[in-house]
Amino acid sequence: MLRLKTLAAGLAFALVAGGSAQAAPIAQYNLDFATPGPNPGWAYMWNVNGPIGNTANYTSMSPSGTRYDTGGTGWPRPEPGAYANLISSGGHPGRGSTQNYGGSGNTIDRYVIASYKVQSGQEGFHQISNSSISVGGGTGIDVRVYVNDVQCNRIVEYSGGGASQFNTVLGNLNAGYKVYVAIGPNTHDGSDGFSGLDYHIEPVTDASVMLWDADGPGPGGSGG
Ligand SMILES: [Ca+2]
């Protein structure tokens, strides 16, 4: 019995030691954010051409002062972008699927999207960590994490609950893979200004969170 206890204590120590190891992030949303041009690897986008989850539908937003938005003149911007923007610590999604305003014909949620392309030398098994986001009210916001077109995580953040996190394992990323964090209006963009936005993309250093399937580690459902 004493031997078993000793082994268990040793195992617990090993897991704690593994969990405490820190590897430098390859990207940090807040620290890396820059205008009028993004830092290497980064793009700030929205799904102008169709639903979220298909990167062919995304296009870059335009710099305007300290933010990126959907461009054009006046404020809000032309439908269905409207108030969509990203700043270094927050932003606002575009119109929702219930908001066919101004004859725009809008029937889908318009997300603001922060994209990071894994650079040569940054390949590896990565995760989203240190994530946070808060929203003011309304129907809340829909936060999704994708690797390319593969969804890794999704939360719906409502008001009144404080900040939420969207940490997730991303899987084994090759150079050129893109990690997308997309924030949508969850059907309606009223009171959807969000704040406290940050996240890191960093190597997984704790073996206890490695996910393996028949053909090795990879994002959930990707076959990777
Ligand atoms: Ca909403």
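Everything that follows concerns the structure shown earlier in this document.
Chemist: Would you explain unusual backbone geometry in this entry?
Modeler: Backbone geometry follows two general trends: most residues other than glycine have a negative phi, and most peptide bonds adopt the trans configuration. Cis geometry marks the peptide bond from Thr 35 to Pro 36, where omega comes out at 0 degrees. Mapped onto the secondary structure, Pro 36 falls in the loop between α2 (29-32) and β2 (42-46). For the peptide bond that leads from Glu 79 to Pro 80, omega is 0 degrees, which places it in the cis range. Tracing the backbone through its elements, the reader meets Pro 80 in the loop between β5 (67-69) and β6 (85-87). One non-glycine residue, Thr 187, adopts positive backbone phi at about 85 degrees. Looking at the secondary structure, you find Thr 187 in the loop between β13 (178-184) and β14 (194-203).

Chemist: Just to check I follow, could you spell out the sheet that holds strand β8 (residues 112-117) for this structure?
Modeler: As a general point, the strands of a sheet are linked pairwise by backbone hydrogen bonds and lie either parallel or antiparallel. Here we have six strands laid out as an open sheet, ordered β3-β2-β8-β13-β10-β11, and antiparallel in their pairing. If you trace the sheet from one side to the other, it starts and ends with β3 (59-60) and β11 (150-157), each paired once. In terms of strand pairing, strand β10 (residues 141-147) meets β11 through seven bridges, oriented antiparallel. The residue bridging Val 147 from the neighbouring strand is Val 150, located in β11.

Reading the values: the criteria
Residues numbered from 1 in each chain as written. Predicted model: local features only at pLDDT ≥ 70, side-chain atom pairs only at ≥ 80, totals over all residues. Helix = DSSP H or I, 4+ residues; strand = E, 2+ residues; numbered from the N terminus. Pairing = 2+ DSSP bridges.

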